[in-house]
Amino acid sequence: MEKPVAIEFNGIGYAVMMASPQDLEDFAVGFALSERLIEDTRDVLAIDTHEAPTGVVLRVQLPAANAARVVDRVRHRVSDSSCGLCGIDNLEHALRPLPQVMAVQGIPDHAIFAALDRLNDHQALNRATGAVHAAARCSADGSILDVREDVGRHNAFDKLIGAMARSATQWQGGFALLSSRCSYELVEKAALSGCAALVTISAATDLAIARAQSCGLRLVVLARPDAILSVAGRDGEP
């Protein structure tokens, strides 16, 4: 359920993540997109998954034109970290501007409640272990279209984003549903993937709310079977 996963880009050691060893190619692509190392899957030339005695090594080959991004990002990282900010020594580099997302046409509350009610049916790994997070792509009516699971909430979302990129799937007016609290980096992953609405079952940090407001992302938190709290975007502005 959990192993060290070392990620290399063009032979450069970039990060070591504690992750569930499923859907690792999706993870590699989603992680590269979230780190802004690539623009789309055409920038991924190859992914090699190598089983090591103590974990897994993901070796990702990018075009030479992307190598400078890898080197620059590594230069600003002072330690490997799953949360991003902890490993960045330059605050301006860490909190780079986010792209503006296209506003959705009002996702109704009943769609969010429907997705919440159906999420557990799509969490096979969590039913077996009770210890992993899920990231789901939901349609505007609350249908769950795709799910990825991981022991880390960031990893689960990266896996989902990577799976969508590899299948050329867009959010298409739907929303992301995450079985976790909402930290700022989850907001960033949503915005960078073109997602216009993010729903989490636990609370958001103040930085997450500020980042969502800065890019026009609708952010819904504390999502429960009978109540939600919209804190940014449509219905969430002060």
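An account of the accompanying structure is given in this report. Residue indices begin from 1 for each chain and proceed along its sequence in written order. Predicted model: local features are reported for residues with pLDDT of at least 70 only, side-chain atom pairs are reported and counted for 80 or more only, and whole-chain, interface and lining totals are derived from all residues. Where side-chain values are given, they derive from all heavy atoms of the structure, hydrogens and water being excluded.

### A word on unusual backbone geometry
One non-glycine residue, Gln172, lies in the positive phi region at around 50 degrees. In this text, helices come from DSSP runs of H or I with a minimum length of four residues, and strands from runs of E with a minimum of two, each type numbered from the N-terminal end. Of note, Gln172 is situated in the loop between α6 (153-166) and β7 (175-178). Throughout, exposure labels follow a simple rule: accessible area from a 1.4 Å probe, protein chains only, divided by the maximum for the residue type, with under 20% read as buried, over 50% as exposed, and the rest as partly exposed. Using a relative accessible area of 67% as the deciding quantity, one classes Gln172 as exposed. Phi is positive for Leu222, close to 50 degrees, though the residue is something other than glycine. Checked against the element boundaries, Leu222 lands in strand β9 (residues 218-224).

### Describing the packing of α6 against helix α7 (residues 184-192)
Relative to each other, α6 and α7 sit at 5 degrees, their axes nearing to 10 Å. Classified by the interaxial angle, the pair formed by α6 and α7 is roughly parallel. On the side of α6, the interface is formed by Arg153, His154, Phe157, Asp158 and Ile161, while α7 contributes Glu185, Leu186, Lys189 and Ala190. Three classes are used, and their members are as follows: Ala, Val, Leu, Ile, Met, Phe, Trp, Tyr, Cys and Pro are nonpolar, Asp, Glu, Lys and Arg are charged, and the others, Gly among them, are polar. When the residues that make up the contact of α6 with α7 are grouped by side-chain class, the tally is four nonpolar, one polar and four charged. Axis definition: a line fitted to C-alpha atoms, over the contacting stretch in the case of helices. Angles run 0 to 180 degrees between N-to-C directions. Convention used here: angles under 35 degrees read as roughly parallel, angles over 145 as roughly antiparallel, angles from 65 to 115 as roughly perpendicular, and any remaining angle as oblique. Contact definition: two residues touch when any of their heavy atoms are within 4.5 Å.

### Concerning the sheet that holds strand β1 (residues 3-9)
With mixed pairing, the four strands of this open sheet are ordered in space as β2-β1-β4-β3. Of all strands in the sheet, those with a lone pairing partner are β2 (12-19) and β3 (46-52), marking the two edges. Looking at each pair of strands side by side, their axes are set apart by 20 degrees on average, direction ignored. Two strands pair when backbone bridges link them, and β1 and β2 are joined in this way by seven bridges, in the antiparallel orientation. The residue bridging Phe9 from the neighbouring strand is Ile12, located in β2. Contacting β1, β2, β3 and β4 (55-61), helix α1 (residues 24-34) crosses the sheet at an angle of about 55 degrees to β1. The criterion for strand pairing is that DSSP finds at least two bridges linking the strands in question.

### A few points about the environment of Val101
Looking at the secondary structure, you find Val101 in the loop between α3 (91-94) and α4 (109-119). Separated by 115 residues in sequence, Val101 and Gly216 have C-alpha atoms that sit 5.8 Å apart. Setting aside residues up to four positions removed in sequence, Val101 forms contacts with Ala191, Cys195, Ala196, Cys215, Gly216 and Leu217.

### Looking at the layout of surface pockets
Taken as a whole, the largest pocket holds about 380 Å³ of empty space. Taken together, 18 residues form the lining of the largest pocket, with Leu33, Glu39, Ala165, Leu192 and Ser193 sitting closest to its centre. Every element with two or more residues in the lining of the largest pocket is listed here: α1, α6 and α7. Among the elements that take part in the lining of the largest pocket, α6 stands out by supplying three residues, more than any other. A breakdown of the residues in the lining of the largest pocket according to their chemical character gives eight nonpolar, five polar and five charged. Buried and open spaces are told apart on a 1 Å grid over the protein atoms alone, a cavity being a set of points where a 1.4 Å probe fits but cannot get out and a pocket being an open set with protein on both sides within 12 Å along at least five of seven lines. Residues with an atom within 4 Å of a point are the lining residues. Grid points are joined across faces, edges and corners, and a volume is the space filled by probe spheres set on the points.

### Remarks on the pairing of β9
Of all seven residues that make up β9, five are buried, and the element is covered over most of its length. The pairing of strand β8 (residues 197-200) with β9 spans three bridges and is parallel. Along β9, the bridge assignment pairs Leu198 with Leu219. The parallel pair β8 and β9, bridged by helix α8 (residues 206-215), forms a crossover whose chirality is right-handed. Here a crossover is taken to be right-handed if, once the strands point away from the viewer, the path from the first strand over the helix to the second is traced clockwise.

### Overview of the sheet that holds β7
With respect to topology, six strands assemble into an open sheet ordered β6-β5-β7-β8-β9-β10, the strand pairing being mixed. Bordering the open sheet on either side are β6 (144-150) and β10 (227-232), each of which pairs with just one other strand. Strand after strand, the sheet turns through a mean of 20 degrees between neighbouring axes, direction not considered. Relative to β10, β9 runs antiparallel, the two being bridged by four bridges.

### As for α8
Within the span of α8, buried status applies to Ala208, Arg211, Ala212 and Cys215. Angularly, the buried residues of α8 cover 100 degrees about the axis, an arc narrow enough to put them on a single face. Backbone geometry just after α8 places Gly216 at a positive phi near 80 degrees. The arc in question is formed by the directions pointing from the helix axis toward the C-beta atoms.

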